[in-house]
2 protein chains.
Amino acid sequence: MKAHIISIGDELLIGQVVNTNASWMAAELNKQNIDVSRIVTISDDADDIRTNIEKSMAEADVVLVTGGLGPTKDDITKKTLADMFHSQLVVHQPSLDNVTDYFAKRGLPLSEVNKQQALVLADCEPIRNMVGTAPTMWIERNGRVVVSMPGVPFEMQWVMSHHIVPKLVSRMGHEAIVHKTVMTFGIGESFLSDKIEPWETNLPTNIKLAYLPQAGKVRLRLTAHGNDKNALIALVDKEVEKLQGYIADNIYGYDDESMESIVGRLLLERGETLATAESCTGGLVGRKVVAIAGASNYYQGGIIAYSNDIKHQLLNVPEETLQQHGAVSSETAIAMAEGCRKAFQTDWAVATTGISGPDGGTDENPRGTVWIAVAGKHNTIAEKFVFATTREQHQERSANQAIFSLWLQLRQSK
Amino acid sequence: MKAHIISIGDELLIGQVVNTNASWMAAELNKQNIDVSRIVTISDDADDIRTNIEKSMAEADVVLVTGGLGPTKDDITKKTLADMFHSQLVVHQPSLDNVTDYFAKRGLPLSEVNKQQALVLADCEPIRNMVGTAPTMWIERNGRVVVSMPGVPFEMQWVMSHHIVPKLVSRMGHEAIVHKTVMTFGIGESFLSDKIEPWETNLPTNIKLAYLPQAGKVRLRLTAHGNDKNALIALVDKEVEKLQGYIADNIYGYDDESMESIVGRLLLERGETLATAESCTGGLVGRKVVAIAGASNYYQGGIIAYSNDIKHQLLNVPEETLQQHGAVSSETAIAMAEGCRKAFQTDWAVATTGISGPDGGTDENPRGTVWIAVAGKHNTIAEKFVFATTREQHQERSANQAIFSLWLQLRQSK
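Quantities reported herein were computed from a predicted structural model and do not represent experimental measurements.

Enquirer: How would you summarise the sheet that holds strand β12 (residues 251-254) of chain A if you had to cite specific residues and measurements?
Expert: Residue and element names in this part refer to chain A. The strand order across the open sheet built from 4 strands is β10-β11-β9-β12, with neighbouring strands paired in antiparallel fashion. Strand pairing shows two members of the sheet lacking a second neighbour, β10 (207-214) and β12, which therefore form its edges. Going across the sheet, the axis of each strand differs from the next one's by a mean of 20 degrees, ignoring polarity. The sheet contact formed by strand β9 (residues 176-185) and strand β11 (residues 217-226) spans 10 bridges and is antiparallel. Paired with V182 across the strands is L220, a residue of β11.

Enquirer: Now, about the interface of chain A and chain B: what can you tell me, with residues and values included?
Expert: With 77 residues of chain A at the contact, the number on the chain B side is 75 residues. Counting every contact that joins chain A to chain B gives 1 salt bridge. Residue K208(A) is joined to D10(B) by a salt bridge in which the shortest nitrogen-to-oxygen separation is 3.8 Å. Where chain A packs against chain B, one counts 24 residue pairs in polar contact (both at pLDDT 80 or more). When its residues are assigned to classes, the side of chain A that touches chain B shows 34 nonpolar, 28 polar and 15 charged. Of the pairings in the sheet, the one linking strand β14 (residues 299-305) of chain A to strand β14 (residues 299-305) of chain B comprises 5 bridges and is antiparallel in character. Its bridge partner being in β14(B), G301(A) is matched across the sheet by A305(B).

Enquirer: Run through the packing of aromatic side chains, naming residues and quoting values.
Expert: Here the structure, examined in full by the defined rule, presents 15 aromatic pairs over all chains. Ring centres of Y306(A) and Y299(B) lie 5.5 Å apart, and the angle between their planes is 55 degrees; on these two criteria the pair is classed as tilted. Of this pair, Y306(A) sits in the loop between β14 and α13 (308-315) while Y299(B) sits in strand β14, placing the two residues on different chains. Taking NZ or CZ as reference, K167(A) lies 4.5 Å from the ring centre of W138(A), over its face. One Lys or Arg, K180(B), reaches over the ring of Y254(B) and ends 5.2 Å from the middle of that ring.

Enquirer: So, empty space enclosed by the protein: which residues are in play, and what are the values?
Expert: The final tally for this structure, using the stated rule, is 3 cavities of 30 Å³ or more. The calculated volume of the largest cavity comes to roughly 150 Å³. Forming the boundary of the largest cavity are 16 residues, of which N19(A), T41(A), N19(B), A22(B) and T41(B) lie nearest the centre. Counting residues per element, the ones that place at least two in the lining of the largest cavity are α2 (20-31) and β2 (35-42) of chain A together with α2 (20-31) and β2 (35-42) of chain B. Classifying every residue of the lining of the largest cavity by side-chain character gives 10 nonpolar, 6 polar and no charged.

Enquirer: Let's hear about the pattern of salt bridges: which residues, and what values?
Expert: In total, this model carries 32 salt bridges over all chains according to the counting rule given. When the shortest N-O distance is used, the salt bridge between E257(A) and R265(A) registers 2.5 Å. Since its relative accessible area comes to 39%, R265(A) is described here as partly exposed. Across the salt bridge formed by R38(B) and E59(B), the nearest N and O atoms sit 3.0 Å from each other. Placement of the pair is R38(B) in strand β2 and E59(B) in helix α3 (residues 46-59), with a sequence separation of 21 residues. It is possible to trace a salt-bridge network through shared partners that takes in R38(A), K55(A) and E59(A).

Enquirer: Describe the sheet that holds strand β8 (residues 144-149) of chain B, naming the residues involved and giving the relevant values.
Expert: Pairing within the open sheet is mixed, and its 12 strands lie in the order β6(A)-β7(A)-β8(A)-β3(A)-β1(A)-β2(A)-β2(B)-β1(B)-β3(B)-β8(B)-β7(B)-β6(B). Edge positions in the sheet fall to β6 (125-127) of chain A together with β6 (125-127) of chain B, since each has one partner strand and no second. The average undirected angle you get between the axes of adjacent strands in this sheet is 15 degrees. Direction of pairing for strand β3 (residues 62-66) of chain A relative to strand β8 (residues 144-149) of chain A: parallel, over a ladder of 5 bridges. Paired with V63(A) across the bridge in β8(A) is V146(A). Where α2(A) meets the sheet, it contacts β1 (2-8), β2, β3 and β8 of chain A, and its direction lies at approximately 165 degrees from that of β1(A).

Enquirer: I'd love a proper account of helix α10 (residues 229-247) of chain A, names of residues and values included.
Expert: All names here are of chain A. Here α10 contains 19 residues, and its C-alpha end-to-end distance of 27 Å stays within 8% of the 27 Å for a straight helix at 1.5 Å per residue. Packing partners of the buried residues in α10 comprise β9, α8 (189-195), α9 (197-201), β10, β11 and β12. The opening residue of α10 is D228, an N-cap whose side-chain oxygen sits 3.0 Å from the backbone nitrogen of N230.

Enquirer: Could you give an account of unusual backbone geometry, with specific residues and numbers?
Expert: Between G357(A) and the following residue, P358(A), the backbone shows a cis peptide bond with an omega angle of 5 degrees. Looking at the element boundaries, P358(A) is found in the loop between β15 (348-354) and β16 (369-375). The phi angle at N142(B) is positive, at roughly 50 degrees, despite the residue not being glycine. Along the polypeptide, N142(B) turns up in the loop between β7 (136-141) and β8. With relative accessibility at 78%, the residue N142(B) sits in the exposed group.

Enquirer: Can you lay out the packing of helix α13 (residues 308-315) of chain B against helix α15 (residues 330-344) of chain B for me, pointing to particular residues and giving the numbers?
Expert: Residues and elements named next belong to chain B. Relative to each other, α13 and α15 sit at 40 degrees, their axes nearing to 9 Å. What the angle tells us is that α13 and α15 run oblique. Taken as a pair, α13 and α15 cross one another with a handedness that is left-handed. Seen from α13, the contacting residues are K311, L314 and L315; seen from α15, they are T332, A335, M336, G339, C340 and A343. For the contact of α13 with α15, the per-class residue count stands at 6 nonpolar, 2 polar and 1 charged.

Enquirer: Would you mind going over the nonpolar core in detail, with residue names and values included?
Expert: Counting residues in hydrophobic clusters, the biggest one holds 70 residues, and the most contacted among them are Y299(A) and Y299(B). If sequence neighbours within four positions are ignored, Y299(B) has contacts with I304(A), Y306(A), L274(B), A275(B), T276(B), G286(B), V289(B) and V290(B). In terms of nonpolar packing, the next biggest core, distinct from the first, is built from 46 residues, A277(A), I310(A), C340(A) and A275(B) among them.

Enquirer: Give me the lowdown on the pairing of β14(B), citing residues and values where you can.
Expert: Residues and elements named next belong to chain B. Taken across its 7 residues, β14 has 7 buried, putting it largely inside the fold. Pairing of strand β13 (residues 274-278) with β14 involves 5 bridges; the strand directions are parallel. Residue pairing across strands places E278 opposite I304, the latter belonging to β14. One crossover worth recording links β13 to the parallel β14 by way of helix α12 (residues 284-290), and it is right-handed.

Enquirer: I'd love a proper account of the side chain of S405(B), names of residues and values included.
Expert: Relative to the helices and strands, S405(B) resides in helix α16 (residues 391-412). Those residues within four positions of S405(B) in sequence are excluded, and the remaining contacts are I372(B) and V374(B).

Enquirer: Please provide a residue-by-residue account of the layout of surface pockets, values included.
Expert: Of the volumes computed, that of the second largest pocket is approximately 570 Å³. If you trace the second largest pocket, you find 27 residues lining it, with S296(A), G354(B), I355(B), D359(B) and G360(B) closest to the centre. At the level of elements, α13 and β15 (348-354) of chain B are the ones that each hand at least two residues to the lining of the second largest pocket. When grouped by side-chain class, the residues that make up the lining of the second largest pocket number 9 nonpolar, 15 polar and 3 charged.

Enquirer: Outline the environment of A122(B), listing residues and values.
Expert: Residue and element names in this part refer to chain B. With respect to the helices and strands, A122 occurs in the loop between β5 (119-121) and β6. Through-space distance from the C-alpha of A122 to that of K208 is 43 Å; in sequence the pair is 86 residues apart. Beyond its immediate stretch of four places on either side in the chain, A122 contacts S87, Q88 and V90.

Rules behind the numbers
- Think of each chain on its own: its residues are numbered from 1, step by step along the sequence as written.
- Chains carry letters from A onward and ligands carry numbers from 1 onward, assigned in written order.
- Given that the model is predicted, a residue must reach a pLDDT of at least 70 before its local features are reported, and side-chain atom pairs must reach 80 or more before they are shown or counted; all residues, however, enter totals for whole chains, interfaces and linings.
- The side-chain figures draw on all heavy atoms in the structure; neither hydrogens nor water molecules are used.
- Strands pair, by our definition, only if DSSP identifies at least two bridges between them.
- Only DSSP runs of H or I covering at least 4 residues are called helices, and only runs of E covering at least 2 are called strands; the numbering of each starts at the N terminus.
- For every element, the axis is a line fit to its C-alpha atoms; helices are fit only across the contacting stretch, and the angle between N-to-C directions ranges from 0 to 180 degrees.
- Only heavy atoms enter the contact rule, under which two residues are in contact if any of them lie within 4.5 Å.
- Within this document, salt bridges are pairs made up of a side-chain nitrogen of Lys or Arg and a carboxyl oxygen of Asp or Glu, the two lying within 4 Å of each other.
- We define a polar contact as two N or O atoms separated by no more than 3.5 Å, with the added condition that, inside protein, one atom must be a possible hydrogen donor and the other a possible acceptor, whereas residues neighbouring each other in sequence contribute only through side-chain atom pairs.
- Three classes are used: nonpolar for Ala, Val, Leu, Ile, Met, Phe, Trp, Tyr, Cys and Pro, charged for Asp, Glu, Lys and Arg, and polar for all others, with Gly counted as polar.
- For Phe, Tyr and Trp, rings pair up if their centres lie within 6.5 Å, where Trp contributes its six-membered ring, and each pair is then called stacked (planes under 30 degrees apart), edge-to-face (over 60) or tilted (otherwise).
- Criterion for a charge above a ring: Lys NZ or Arg CZ within 6 Å of the ring centre, and within 35 degrees of the ring normal.
- Using protein atoms alone on a 1 Å grid, points that fit a 1.4 Å probe yet trap it form a cavity, whereas open point sets bounded by protein on both sides within 12 Å along at least five of seven lines form a pocket; residues with an atom within 4 Å of a point count as lining.
- Grid points are joined across faces, edges and corners, and a volume is the space filled by probe spheres set on the points.
- Classification of residues uses two cut-offs on accessible area relative to the type maximum, computed with a 1.4 Å probe and protein chains only: under 20% is buried, over 50% is exposed, and between them is partly exposed.
- One less than the residue count of a helix, multiplied by 1.5 Å, gives the span that helix is expected to have.
- Angular relationships are summarised with four words: roughly parallel below 35 degrees, roughly antiparallel beyond 145, roughly perpendicular across 65 to 115, and oblique for the angles in between.
- Whether a crossing is left-handed or right-handed is set by the direction in which the near helix is turned from the far one by less than a right angle, anticlockwise for left-handed and clockwise for right-handed.
- As used here, the term nonpolar core means buried Ala, Val, Leu, Ile, Met, Phe, Trp, Tyr and Cys residues forming a set that is joined through side-chain atoms within 4.5 Å.
- When the strands point away from the viewer, a crossover counts as right-handed if the path from the first strand over the helix to the second runs clockwise.

Right, dumping it as C-alpha cells:
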C-alpha cells in the first residue's frame, strides 16, 4: 500500500512551525508496512489543494490530508473537497453535538462560524473528534482513499491511532516489510562504506541499505520486503550477524536506542555508578546522561571544571600536571577522570578536556583537539581526537565520543 | 520571487528524521520576502527526483534541493541532475582540494568514493563547502534556478546563509524589507497577545507581526515592507520602543541573540564571574553557557549535584535542609546556589532542582516542579515554576528559566 501525505498550512511554508505531523504519521504508517512515497506541504489555497490531491490520488492508494479544518477564514479545505468530489456539505449531527458540548462546557457562546465545524461531505464516512471539534472525513473514490483530518498534532494523532491506521491495516494485502537499524559510532560514513563493501554488495536484493550519519554516529538501516514476515526477520538478523564480523567494535546498539540509554542500562544491570568531569563540553555529557528517565539510579553527578583553578581545586588535578602538560593533555584528562571518580565515589568517571574554538588552538593542540578519559575500578584510559568543526559540533561530537568511550570500557570490563 | 523546496531522503519518508531543514530554509526565505509555495519530501529515487524538479521548475523561480549528496550508494541526486540537464560530471578542483585537506588533516586515507564528492555538473556554478565536503551546485536554465546542496543541517545552513540567500536577494527587485525580532521570555503566547493587543492593533499596515514560541521564549518578528530602507528602520524602531512600554520585563534582547550570549556580554562588561549548580537539568545550564565562544572569560564551571549526597558534600547543602524541606525546595535551591558561589568563588551562581519526571512527583511537588535560585553579592533569590511537559521539555524550560532568572538579577544589580 502506497500513501502520500499532504500537509496544509501557511505556518509550515513560512517556517513558523516544523512539520512534525508528517514525520509522526510517516513513522506510524511505516510500522504497518505502508510505504510513504511523498510528503507535500502546501498553503491554504483551493487550487493547490485540488491539484495536489488529484495528483496524489493518481499515484497513491491513500492520501492523508492534515490541516485546513479550523473555524477561521483561511481554512477552505472542506469547500474544495466538496467541489472536487461533486458533493455537498451537510451537518454531521454527532459533530454538532460535540461542538455544542465543547462551547457549553467552557461557558462560551456558539457562533455560526463554530457550527460550520460540524459540516462534512454528504457521501463521506465522518469520524467524530473525541479530543477536539473538527471531524475527520474518510472519502473513497475508485478504490482510492482520501482522509481529511485536523492539523492539531494531538487531534491528528488521536484519529490516526484510533481510526485511520486500523482501517488502513484492515484494507491491506499481505506484503511484509521489516526494518532493522544498526547503530554505529566512531567510523565515518565513507570508511564504514569501504569496510562493509563486500557485505553490502552481497546483500539479498530484497534488502535495501541506508546510511544515516549524525555527529559521529552512523545509523545503518536495513529494509527488507517480501511475503513472509518471519522469514524476513530471520533474513535481516542473519545479515546483521554477518555485518558484526566487519565492524564489531563500532556497533553499540540497535533500532535507535541511544548510547546514553544503553550505557544506563548496563550500569543499572551491574549496580554500578557514574560521575562526569567536563571541561570543553561544559555539562553536555551530564545533560545527555540525565536525558534518560531513571538516571538517578546510577548517575551521581559531575563537575564542570571550565577553569584550571577548578580542575585543581575540585578534581585534584596537580598544579604541576596543568603547568607541565597543559589543560588539554592525556595527563590532565586522566587526573580529571580519576579525581572525579574519587570525589563522587563512583565505579566509573568520564572526563573531557579540549579546544572547541573558534580561538584557543596552538600548534601542538589545534582547535578541535579533545582528550577523553575513562576511569574505572581497574584502570584509566585516555584517547585524543580532533574534530575540526564548529564550536557547537565539537562539543556535540566530544560528548558523544565520551559516552562511546565509556561504553567501550563498560563492555570490556564485563 | 517564488521558491519550492525539495527534500530528498528516505529517512524523512519513514519518519526517522523530522524535516527541520525545510522549516529553517522557509523561515530564512520568508525573511527576504521570497515566497515558499511548496515543500516536497521524496525518496532517493531517480524518477521521483527528476519529476519533482521538473514540475517545480515549471511553477517556481527557484528550486532548492537538499540531500542526496553523500558518498554512499543510496545517493543518486548528482547523476540524476546531470542526466536531466544533459550535462556531465566533472571534478571541481577546489572541492577536491577540500576533500583531500579534510582527510589529510585527520590522517585518513582518501578513497575513490570520497573523491566523487568533488564531482559537479560541468555547466553549474559550484560552491565550495567550507564546513564539510560535498559542494553545492547552482544551476541556471531558462531563467530558473535549481540549487542542489547538502542535507546535513549545518552544512545546508552555512551555504544558504553565505551564498544562496545573498545570491537570491541580489536577483530580486528593489522593494525594501526590514526585520526586527524582539526576544521575550516568561509570558505565554496568548497572554502576550492579550497584553500587547492595543499596540498590535495600531501597527502601521506595512508592518506584519509574527509570534514564534519556543520553550518559554516567544520571539516577536516585525517585518516592514516599503521603498525606503532607512525610513522602514526608523518606523520599526519606533514601534519596538512603543512595545517596550507593554512588556519591558519580558524583553531580554533583539534579533535572535541568545539569552546565554546576552548574559555573557553583561558579565564580561562588568568583569564578573559565574558558576552553576544543577540537579534536574544535569549540566544543561552549563552547556548553554559554554555554547558561547569566550565563555571561559566569565564561566568558572559548575557542579552537577544529581544525588542528595553530592548536594551535601560538594555544595554544602546542610543535611537538615535536605531532610526537612526535601531536595526540591526553596531552601535547597538557595543553599545550592550559595554553596556553589562559595565553592567557585564567583560573583554569581545559579541553581536548579526539580522533578523532570516521568516519575518522582508528590502531592506537594508534582512532576514538573522546579526551584531556581540565583545567588549574587547582595542577595539570593529563589522562585518556583511548574512546567508540566515531557522530561526533555522540562529540562529545556528549566535551563532557559535559570538563565532568564540570572539575567533579571544581573539587570537589577546594575
